[in-house]
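Residue-level structural notes
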Amino acid sequence: MKLSKLQKWGIATAVAPILLVIAFYVHSWLPHYEADPPPETGEVRDVPPALFDRIISAYYERQSDEPIVAIIRQDIVAQFGAISPDGQYLAIGGSVIRDLRIASIAEKRIVRKFAIRSGNVTAIAYSPDGRYLATGRGFMSHRRHNESVNLWDARTGRLIRNFPGPKGPETHLNDMTTLAFSPDGRILAVSYHPQPDREDAVHIFDVESGERIRTMHPSTYTYALSFLNGEKYLAYEDDYERSFVVHEVDTGKQVRHYRFDAVYAPSPDGQSLAAGTREKELKIVDMKTGREMKTLGSARGYHRRLVYSPDGRHLAALSDDGLFIWDVEAGEVVRQLKGYPDTMGHWMGFDAAGNYFAAVCNKYVVVWDFRKLVSAKGAN
């Protein structure tokens, strides 16, 4: 049947708005890369609100029976994150992300970007008082750069200073793996990639002056830095041995070494250590004696990441079976989380008060109301 010009015009005017919506959706969904040359490090850019940010978050929230507060869409795969101590913001990065994204939990979207000219964001940490935000960087092989760690004013986005890598202008030797602020916020510990001449790879800086205070630990691949007993000890996971090592901060001396062939998480009070072993068991270990206190359970697949809640009562455990929240004292699963829409990434964590629990899930960051999450035991 042949259509008249009027009928064709009517069909076109009806279909056009739908096509525009689809085009806008596809455009907003695909990753967008910065034009060359990229902005100078330290440039702050506000991100305007996008309709689909709220639509996508609302859609997944309605699909889940979990107490999800926000699902924050990313335009490129994210891998690392940190929640501000007050629980208002998320800082987000990744090995293919050339800027630091700041997301508002209340607005359920990215609201700001801090530009990084060279390299990618490979580690993020807020200072305990929320004043500073530190980001670690990895570099492309053709880039020569020495600014391995950036220190930002968390409120304004002002770039305060850069901490140098261990090898001058060399690139891959300045790649860093993780960083952590001390509980008083005065020092920053940074772990770099293994150094070829066996020099120390963990460096400690004074935050205010930027001065390197000392180095420690023979060259190997480390991550998950954490301070224990205030600023007295610094601990990390040794990825080669799958062990957990503790050093004295003042002397740099190694004081404990736990070898459970596992991934680890120290409790907030530094008294116990969670270990997800190669045998797929989840154990709680006494930090003083190194003896196993209890086994929480077993998984069919390997454990990938563990993190304690701020009060030490609960343990989030990511394994090949999924993401579980354990009641440590009771030795039972409080909740198995299944509400996130994509593959779980490299990071999960809490705000300082334990109100929120968040996880990076590929192109999303999911935030749960943790109080409600653990109040309904056994809910799925």
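Preceding this section is the structure that the text describes.
Here we summarise the structure given alongside this text. (Residues numbered from 1 in each chain as written. Predicted model: local features only at pLDDT ≥ 70, side-chain atom pairs only at ≥ 80, totals over all residues. Heavy atoms only, no water.)

With respect to the packing of aromatic side chains
Stated formally: Note on ring pairs: Phe, Tyr and Trp rings are taken, using the six-membered ring of Trp, and paired if centres are within 6.5 Å. Classes follow the plane angle, with under 30 degrees stacked, over 60 edge-to-face and the rest tilted. For the purposes of this entry, the term helix denotes a DSSP run of H or I that reaches at least four residues, the term strand denotes a run of E that reaches at least two, and both are numbered from the N terminus. Burial classification: accessible surface area is computed with a 1.4 Å probe over protein chains only, and a residue below 20% of its type maximum counts as buried, one above 50% as exposed, and the rest as partly exposed.
Summed over all chains, the structure comprises eight aromatic pairs. Taken together, a centroid distance of 5.1 Å and an interplanar angle of 35° make the contact between Phe114 and Trp152 tilted. One end of the pair, Phe114, is in strand 6 (residues 109–115); the other, Trp152, is in strand 9 (residues 147–153), with 38 residues separating them in the sequence. The exposure classification of Phe114 matches that of Trp152, with both residues buried. Judged by centre distance (5.5 Å) and plane angle (40°), the ring pair of Phe244 and Tyr264 falls under tilted. Of this pair, Phe244 sits in strand 17 (residues 243–248) while Tyr264 sits in strand 19 (residues 262–266), and the two are 20 residues apart along the sequence.

Some thoughts on the pairing of strand 26 (residues 332–337)
How we decide: Pairing between two strands is assigned when DSSP locates at least 2 bridges connecting them.
Where strand 25 (residues 322–327) meets strand 26, five bridges bridge the pair, whose relative direction is antiparallel. Along strand 26, the bridge assignment pairs Leu323 with Leu337. In textbook terms, the turn of a hairpin is the stretch between consecutive antiparallel strands, and for strand 25 and strand 26 this stretch comprises four residues, one of which, Gly331, has a positive phi near 70°.

So, unusual backbone geometry
Leave glycine aside and you will find that most residues have negative phi; peptide bonds, for their part, are mostly trans. Of note, the phi angle at Asn229 is positive, near 50°, even though the residue is not glycine. Note on Asn229: relative accessible area 46%, which makes it partly exposed. The phi angle at Arg242 is positive, at roughly 50°, despite the residue not being glycine. On the secondary structure map, Arg242 appears in the loop between strand 16 (233–238) and strand 17.

Focus: the pattern of salt bridges
Convention followed: The salt bridge definition used is simple: a Lys or Arg side-chain nitrogen within 4 Å of an Asp or Glu carboxyl oxygen.
Applying the stated rule across the entire model yields 11 salt bridges. Across the salt bridge formed by Arg242 and Asp261, the nearest N and O atoms sit 2.9 Å from each other. Of this pair, Arg242 sits in the loop between strand 16 and strand 17 while Asp261 sits in the loop between strand 18 (254–258) and strand 19, and the two are 19 residues apart along the sequence. Assessed through its relative accessible area of 16%, Arg242 is described here as buried. Between Lys283 and Glu281 there is a salt bridge whose closest N-O contact spans 2.9 Å.

Overview of the environment of Ala70
What counts is decided by this rule: Throughout, a contact is declared for two residues whenever any of their heavy atoms are within 4.5 Å.
By the secondary structure assignment, Ala70 is in strand 2 (residues 68–73). On the basis of relative accessibility, which here comes to 0%, the residue Ala70 falls in the buried class. Taking the C-alpha atoms as reference points, Ala70 and Tyr60, 10 residues apart in sequence, are found 9.0 Å from one another. When neighbours within four sequence positions are excluded, Ala70 is seen to be in contact with Ser57, Glu61, Ile105, Lys108, Val365, Val366 and Val367.

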